Amino acid sequence: MKVSTMEKYILLKNKLPEWINMITPTYTIFAPVKEEDLVFFKPITKPSEMTLAYSNAIVPPKAQMFHQTETMFTFTQGKNIRVNPASLPDEKIVVFGIRPCDAKSLSIIDPVFTNDFEDPYYLTKRKNAILVGLSCNQPTVNCFCTSLNGSPASPEHLDILLTDIGDKYYVELNSEKGKQLVEKTKKLFTPATDADSKKKKDVEKKAVDAITRQMKINNVDAFVKKLDTIFDAPYWKTIAMKCLGCGACTYLCPTCHCFDIQDETTLDKGARIRVWDSCMRPEYTLHASGHNPRPERMNRVRNRVYHKYNYYPKNHQMIACVGCGRCIDNCPVNIDIIDVITKAGEVKP
Amino acid sequence: MVNEKQLRDEVKKLVSRDDVKYVIGYEQGTYGFQVTPSFAFTPEEAERFIFSPLCANNLSVYLMLEEKPPLRKGEKEDTRKVGLVVKGCDARAVVQILQEKGLKRESLVIIGVPCTGVIDPKKITVKFPHQIKPVDVREEGNHYVLTINGKNQKIPKDELLFEKCKQCEYPTPVIHDVLLGDEVKSTKKEEYKEIKTLEKKALKEKWEFWSKAFDRCIRCYACRNVCPLCYCKECIVDQLSPQWIYRSVNRSENTVWNLIRAYHLAGRCSGCGECERACPMNIPLTMLNKKIEKDIKELFQYVAGVNLEEKPLLAMFKPNDTEDTIL
Amino acid sequence: MKENPYQPWLATIDSICDEVGGQRAIKTFRLVFQDEKVREKFTFLPGQCVMVSLFGKGECFFAISSSPTQKGFIEVSVLKLGKVTSALHECEPGDVVGVRGPYGNHFDVSGWMGKNLVLIGGGIGQAPLRSLIKYVVDNRKQYGKLDIIYGARTSKDLCYTKDFAELKTCEDTNACLSIDVKEDGWSDFVGFVPDNLMRVNPSPKNAIAVTCGPPIMIKYVIQNLGKLGFSEDQIFTTLEMRMKCGIGKCGRCNIGNLYVCKDGPVFSYKQLQNIKGEQ
Amino acid sequence: MKIGVYVCECGINIAHTVDVEKVVEDVQNLPNVAVSRFYKYMCSDPGQALIKKDIKDLQLDRVVVASCSPRMHEPTFRRVLEETGLNPYFFEMVNIREQCSWVHQEKEKSTGKAIQLITGAVARASFLEPLEKKEVSVIPKALVIGGGVAGIQAALEIAEKGFKVYLVERSPSIGGRMAQLDKTFPTLDCSACILTPKMVDAARHPNIELLTYSEVVGLDGYIGNFKVKVKKKPRYVDEEKCVGCGLCAAACRLKGRIPNEFDLNKGKRSAIYVPFPQAIPLKYTIDPEKCITLKTGKCGDKALCVEACERNAINFDQKEEILELDVGTIVVATGFDLFNPMEKPEYGYGKYPNVITGLEFERLISASGPTGGHIEINGKEPKKVVFIQCVGSRDKKTHEYCSRVCCMYTAKQAHMVKEKIPGADLVIYYTDVRAFGKGFEEFYNRVQGEGIVYRRRELGDPIEVIKNNDKVLVKTKGHPDIDADLVVLATGIIPREDSKELSRILNINQSADGFFLEAHPKLRPMDTFTDGIFLAGCCQSPKDIPDAVAQASGAAVRAAEPLAQGKVEVEAISAVIDADVCGGCRMCEDLCAYSALEFDSEKKVMTCNDVMCKGCGSCASACPTGAITMRHFDMQQILAQIDGISAEAIVQ
Amino acid sequence: MMQTTQVEVKKKMKKDFEPNIIGFLCNWCSYAGADLAGTSRMQYPPNLKVIRVMCSGRINPIFVINALQQGADGVLIGGCHPGDCHYERGNYLARRRYAILRELLDYVGIDPRRVRMTWVSASEGKKFADVVKEVTDEIRELGPIQQLKRENTW
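Not measured: the values here are computed from a predicted model. (Residues numbered from 1 in each chain as written. Chains lettered and ligands numbered in written order. Predicted model: local features only at pLDDT ≥ 70, side-chain atom pairs only at ≥ 80, totals over all residues. Heavy atoms only, no water.)

What follows concerns helix H5 (residues 194–210) of chain A. Residues and elements named next belong to chain A. Taking 1.5 Å per residue as the helical rise, H5 with its 17 residues ought to reach 24 Å, and the 24 Å between its terminal C-alpha atoms agrees with that figure. Where H5 is concerned, the buried positions are Asp196, Lys200, Glu204 and Ala207. Summarising the axial view, the buried residues of H5 lie within an arc of 80°, below the 170-degree limit, and thus occupy one face. Opposite the buried face of H5, at more than 90 degrees from it, the exposed residues are Asp194, Ala195, Lys198, Lys201, Lys205 and Lys206. (Helix = DSSP H or I, 4+ residues; strand = E, 2+ residues; numbered from the N terminus. Expected span 1.5 Å × (residues − 1). Buried < 20%, exposed > 50% of the residue type's maximum accessible area, 1.4 Å probe, protein only. Arc of directions from axis to C-beta.)

So, in structure tokens, the structure goes:
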């Protein structure tokens, strides 16, 4: 999918609405929309609905591929049991304004939904989606993507990346999909100059420099091994003391992908639905027998950390964290993953 | 505000006692204006304790959150006391928990802090969105003085205070073993201005307001988990048979969840506002809780969390309770 | 796009066998796929599992307790415990359920050819072993000595009594039953399964031991196998976790980085010792 | 799961507004429904046999019957299930008669509603759980409240069956209203003559313990195991010692100065008294509100009664006692009050001595009454007597019901006047004469034949009684005025003043008219909705003596049944507490009116006493953790029922 | 002109609309009252479908909310008159719960007239019929419930 030589263009800021208007008939456009001081990715019908002066969406755009609630199929109950497959949407979508970190999160969770059993719900939407990113010029307090080999202006996991370089956007086409999206609207774009490229680099550097909080993981492999040695450390208990066991961190995490499956019914019909679930809840692992392999909050907090920084790297060779800082921003008791991981590195085995 | 040295000394004294397991207080958080709950098991750990206008958390939530794994053979139950730093509204939650017999009074040592109001972190981060280093916040009369990068900034209290604090009727903890500092008397009366304004609106407007708010709900249940009085062993939303509230996240289920949560706190909510603070989706949850608080005050002359001997609101009745809308 | 892995095939309950009654009842359900093509296509090996759906109630993960050598149906044994299993117990022959699978790994039946097998089960834990036993009995010549050690609390809690009656008459098969407490008319061993294992005293030579059952039993069985000289990689067990998807996505059944549904349920003792994670 | 649905046509009661065929057809398709049928009378033997056959042949495990109110036939059908070996609580009844076919006219809509209701029931049925009936042992004793003729009858009958009976009477003597009557209609037996032997029997019966001058003040427990609190008021006379000689009363300083309530204040008594000469027990009682010693602590130099009493029976130190009785069943026979005609001032009652009530008239003509049976008013024998019927009865403003006895007692009283004052002029104002009982019509004809004038007036027509010298003028619309010497008002029977309080103590219901409510007006006229408590006599509705006695006998039989059985089934519907979920908040403890919920301080959870629990479910709906399940009305069942009723496919 | 027709259409729709009303009636008073209305052949609209419970105290506010979720346009709770509860106090407890619930529903914009409570004794058949008429008319006027109802997009 990736194109070898990235094509680079310029889109004047005042042309952006035109571009969006041009692609709106073909694509459902999810863009950042402000509501009650928060930003959400929502379908828009006209460019004026969106806001691009934002740091990041409260709910990560993983929700556009991996719906919080999804009907897997419906069935009829009673005498004539029938299963009716849910129709998978063939709607083409553009996630506009997605941050590079969130785009990376999708690449991170892709293998889970792919593995031996392809998840049709996620993959259909993922394949039908074009990610048009927007570089993060003003990282927030808790942004730390650079600690995880990310960059606020990296086109790596995107189809297209836009970078605000003053009165215009520096446009990088990073995939065939991205190219195709621009193809029909080529007239709005002009090729980027070296000066533009330099400008982009400057903007990126400024943004990188603005990220002041750092998580200290020097070597991923070493850190994974380190965690293996401190699994039983009392450290986890001290972290978990504060934890309330709410699911805010998991629901808002762009790489968390756990779900629950439930049947919802009326008298004669029903649907099997899946909803986001959270490993922070005791019910998550509770056996019908009453046994719970992760009975205490300590087990669950540790599992969450290990899942991202130990199990995931073991299985998929990457840390399942992009450094977006949402879990830090939204923890009611200031459990701070930067702090947790940095200090874990210092714990003696 | 409280003298921190006095607070630490008190906590050190407590944790040195054989019958005290640990004391829950506040310490400096990891960035900016964050303050975080802190557990002192030893006098050294008590050194971390602080108290400032940033100490918003209601620590009484931890009283019912402590997990007690089943005892092993021969193991004895740890019956040592837990110490707790409480503000006015936190103390009401403690009273309510004790009243509901969730805990025994003897199992607690309560350090009361007369409270002159705490800062809403949402309000302060809007003003200083990129503050990473910890900030010293002091109170001076009607102002807060913030020392940021060596410079002092004076901000009127009203701009930063939680709304709940502006009409607090019980700023001095109604229950305590030790009271640090002088009692703060309230001259305020909860006016429920916001509630009354909304009440008067047309049904359609009210529904628009709330459905929009509930639509945002992602059912992370932070509101529930942060609430000191939501301590059911199994919450109704987690029950599967019967399943009253479907796990689907949509307007109907979200509305019902939020209504049930509020209803469940009828006559129990101490008004600490933690639910709203914890909500990542900015749902004005206290407006639901306060509404019920107002109603039960008016209908049944009932105030939660101020009297240890009070019986639960919904477990009793008066023969002449309101009949207004009964056919 | 491949077939939707979450969507079950319809299967009819062909027959139900009451294994154990009472509070913790166990029933074995024989399921026949409605679609003939599925019936043909569905292949599995002992140890593998299926997700059985009761529409409107939910899904549960069960080890297949019949053997791949038995064609045209699969069987699952169900302990009545939660919402779905209780509802399953209410079902009658002719009722329709959903089945998807097979999932998970399996006993290494080809790798174990020529070896002596010691199969140690307790209670409902016998279900996956039953599949293996049938498989081995049906391919008897390819395996060495077969020791089956199975126990339950009382004689009424023993599953598959009919099978055992047959097994006892089989040559080269040593089926040793036990119950925990003495009962009138019980001629087999009285005592716990790990003790019965010591009594049977199988040789570790060229042998594989597989144990399934309650965690506490497994713990002592493994200890005793060690005493008998079995090494870590000679001992296998199956694990259980709360499951939802069955295909390694929903997240909850992990032990460390392994998912029981996908990477298990069969693990060697050696493997388990190296996993950091809650079991 | 196999559910059988049976729809009853109830003759045409249901079928005329509900298309049962369509109902059966539609519900056939519901999940889990194995069979649905309709039949003319489901409750009939063939109807029941139909269900039984299906249960056996089709192996049904739940049964839904759509017919009349479950308050009527639920037990019938539960028995059907039981007889086939199915748990009786696997039954669900749908009310498509009282709450559907009888109250709606449009066939289409009633049919739709019936389908919705049945769908709800079917949905609920699949979640029904088997319940075990609970048995409790029965204390082989009974309590009868009220010592009137009904109470006496009930007590005697229970006692005769060999069970101990406490007969509680609030006044100093048993006998009740009947003791106040002179003659009884239509046979003109002397009331006292037929009642007194019964009173004596009751007093003498070894199984009956009389508790006169006593009141029931509290009740706890349940059928088979009631705990009754009885307040025994002090008589200030030692009952053991008093022989009823009456010397004390004769000696009393207040002799002849206190109006006697028994004579409706027409006669006079002492402060120490028996209400009437045949009182049982014949023990004297000191009126604490009148007795000088009790009021002032001193009565002259020495209380004369004390002096007079040879047996030293008088004891001013007696105190009120609270007795606790354990009984298995209770018969309530608390009788009635009479309408107070002061509420209808137009009759002049209370203003003019010439206007008296029927009961006052009874005392007047009674040989043991204040005048020794001589009819006199203002010291003269009346020549012109007017009777007015329906005073406080059949009157929307006061009491809407008919008191049933006034027509006949008025006829009887008129007859008595004629007998004693042959020349008297008698006019009876009536609206309808209701002479429905045995011998009533004959008696009415006889009285008419005696020259007594019956004048009809419409119920709405006012009658006015005004003073005319020492007589009164009775003015009636459409009739000439009558200058009468005596006006007798036939006042109606009304519920006792304290019946509300008693209904609360006993936890039984009152109907709209204030009388105690029977469990079923036709089929369970003696039962209340509280198991183990039965009704007899006028506390349930106005009755004449034979009806009261008949009902008392019936109530006695009902009350004796559990005593004879020795055990009784109590409500299987009760709360269960899941100890794993219970948080021990003890909220429910305060809620339960029956103290069925107890805190287990060791396990720190609540426990529910099955037998004490009445199954109201208040605790379950208040339990914050949802630890309390209300059997037979659990969340799952109700949820399913709502779902079924509202199922879109059906509602459309 | 155009406007009037629209209003008329709207009115007509309201008239045609048959609300689904769920009644939770206590066994001892209001259910008996409903039975009496039946034996007295008092006519009332068929929209109310009764769920019998032992006592109004059994009615958890969640029942009401759930009924509205599952498609009831209105809910009627029936209990014994104050002081007459078969279980002494269930109706008093229910009354408190109801008062709070009603206020709360109103506050979030759900017409509180959709949830009503009534005291009907076993002898008040007429009252029961009248209440059902009144409630049905009122809810018919309010139209189908727009809030709370489960959409079940599947």
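The rest of the description comes next.
Residues and elements named next belong to chain D. The strand order across the open sheet built from five strands is E20-E27-E21-E22-E23, with neighbouring strands paired in parallel fashion. Where the open sheet ends on each side, the last strands, each with one partner, are strand E20 (355–357) and strand E23 (453–456). Going across the sheet, the axis of each strand differs from the next one's by a mean of 25°, ignoring polarity. Sheet strands in contact with helix H12 (residues 406–420) are strand E21 (384–391), strand E22 (425–430), E23 and strand E27 (486–491), and its direction is about 170° off that of E21. (Pairing = 2+ DSSP bridges. Axes fitted to C-alpha atoms, helices over the stretch in contact; angles between N-to-C directions. Contact = heavy atoms within 4.5 Å.)

How two aromatic rings sit relative to each other is given by the distance of their centres and the angle of their planes. Throughout the structure, instances matching the rule amount to 47 aromatic pairs over all chains. Ring plane angle 90° and centroid distance 5.8 Å describe the contact between Trp9 of chain C and Phe33 of chain C, whose orientation is recorded as edge-to-face. Pair noted here: Trp9 of chain C is in strand E1 (residues 9–20) and Phe33 of chain C is in strand E2 (residues 26–33), with a separation of 24 residues, a long-range link. Between Phe33 of chain C and Phe42 of chain C, the ring centres sit 4.9 Å apart and the planes meet at 45°, which makes this aromatic pair tilted. Note on Phe42 of chain C: relative accessible area 10%, which makes it buried. Aromatic ring contacts, followed pair by pair, group Phe66, Phe113, Tyr121, Tyr122, Tyr251, Phe259 and Trp276 of chain A together with Tyr6 of chain C into a single cluster. (Phe/Tyr/Trp six-rings, centres within 6.5 Å; stacked < 30°, edge-to-face > 60°.)

Let us look at the pattern of salt bridges. Going through the model one piece at a time under the given rule, you end up with 127 salt bridges over all chains. In this structure, the salt-bridge partner of Lys294 of chain B is Glu298 of chain B, at a minimum N-O distance of 3.6 Å. Taken together, the positions of Lys294 of chain B and Glu298 of chain B, both in helix H12 (residues 286–300) and four residues apart, correspond to about one turn of that helix. Taking the relative accessible area as the measure of exposure, Lys294 of chain B reaches 5% and is therefore buried. Asp326 of chain D serves as the salt-bridge partner of Lys227 of chain D, at 3.1 Å between the closest nitrogen and oxygen. Separated by 99 residues along the polypeptide, Lys227 of chain D in strand E12 (residues 225–232) and Asp326 of chain D in strand E17 (residues 321–327) bring together distant segments of the chain. (Salt bridge = Lys/Arg side-chain N within 4 Å of Asp/Glu carboxyl O.)

Turning next to the interface of chain D and chain E. Counting residues at the interface gives 52 residues for chain D and 52 residues for chain E. Here chain D meets chain E over a buried area of about 4400 Å², counting both sides, of which 54% is carbon and sulfur. One can count three salt bridges joining chain D with chain E. Between Arg71 of chain D and Asp35 of chain E there is a salt bridge, with the nearest N and O atoms lying 3.8 Å from each other. At the junction of chain D and chain E, the tally comes to 24 residue pairs in polar contact (both at pLDDT 80 or more). The set of elements that each furnish at least two residues to the side of chain D that touches chain E consists of helix H3 (70–83), helix H4 (97–101), helix H5 (107–125), helix H14 (499–506), helix H16 (587–591), helix H17 (618–622), helix H18 (635–646) and helix H19 (648–651) of chain D. With eight residues, H18 of chain D is the single largest residue contributor to the side of chain D that touches chain E. (Buried area = accessible area lost by both parts, 1.4 Å probe. Polar contact = N/O pair within 3.5 Å; in protein donor to acceptor, adjacent residues only side chain to side chain.)

Further remarks concern the sheet that holds strand E7 (residues 164–168) of chain D. Residue and element names in this part refer to chain D. Read from one edge of the open sheet, five strands run E10-E7-E6-E18-E29, paired in parallel fashion. A single partner strand is all that each edge strand has here, and the edge strands are strand E10 (208–211) and strand E29 (533–535). Each adjacent strand pair in this sheet contributes to an overall mean axis angle of 20°, direction not counted. By the bridge criterion, five bridges tie strand E6 (residues 141–145) to E7 in an arrangement that is parallel. For Ile145, the partnering residue across the bridge sits in E7 and is Val168. Packed on one face of the sheet, helix H6 (residues 149–160) meets E6, E7, E10 and strand E18 (329–332) and runs near 165° to E7.

Moving on, we get to the arrangement of the chains. For this structure, the chain pair with the highest number of contacts among nine pairs of chains in contact is chains D and E. With respect to C-alpha atoms, chain C approaches chain E no nearer than 14 Å, and the pair has no contact.

Here the focus is the domain arrangement of chain A. Frequently, the measure chosen for interface size is the accessible area that the parts lose on association. All names here are of chain A. Each assigned domain of chain A is listed here: domain 1 (7–210) and domain 2 (220–344). Placing a centre on the C-alpha atoms of domain 1 and another on those of domain 2 gives a separation of 25 Å. The interface of domain 1 with domain 2 comprises 38 residues on the first partner and 40 residues on the second. Between domain 1 and domain 2 the total buried area reaches about 3300 Å² when both faces are included, carbon and sulfur atoms providing 62% of it. The largest share of the area that domain 1 buries against domain 2 comes from Gln68, Ile108 and Phe144, three residues that together contribute 19% of it. Counting the contacts that link domain 1 with domain 2 gives two salt bridges. Here Arg274 ties to Asp119 by a salt bridge, and the two come within 2.6 Å at their closest N and O atoms. If you look at where domain 1 meets domain 2, you find 22 residue pairs in polar contact (both at pLDDT 80 or more). Those elements that provide at least two residues to the side of domain 1 that touches domain 2 are strand E4 (69–76), helix H2 (100–114) and helix H3 (120–127). The biggest single contributor to the side of domain 1 that touches domain 2 is H2, with ten residues. (Domains from an automatic or database assignment.)

What follows covers the interface of chain E and chain B. At the interface, 40 residues of chain E touch 42 residues of chain B. For the chain E and chain B pair, buried surface summed over both sides reaches about 3800 Å², with 68% attributable to carbon and sulfur atoms. It is Arg96, Ile100 and Tyr107 of chain E that lose the most area in chain E upon contact with chain B, and together they represent 25% of the buried surface on that side. Across the salt bridge formed by Lys291 of chain B and Glu103 of chain E, the nearest N and O atoms sit 2.8 Å from each other. On inspection of chain E and its partner chain B, the count reaches 24 residue pairs in polar contact (both at pLDDT 80 or more). The set of elements that each furnish at least two residues to the side of chain E that touches chain B consists of helix H3 (61–69), helix H4 (90–108), strand E4 (115–119) and helix H5 (125–142) of chain E. Tallied by class, the residues present in the side of chain E that touches chain B amount to 22 nonpolar, five polar and 13 charged. (Nonpolar A, V, L, I, M, F, W, Y, C, P; charged D, E, K, R; others polar.)

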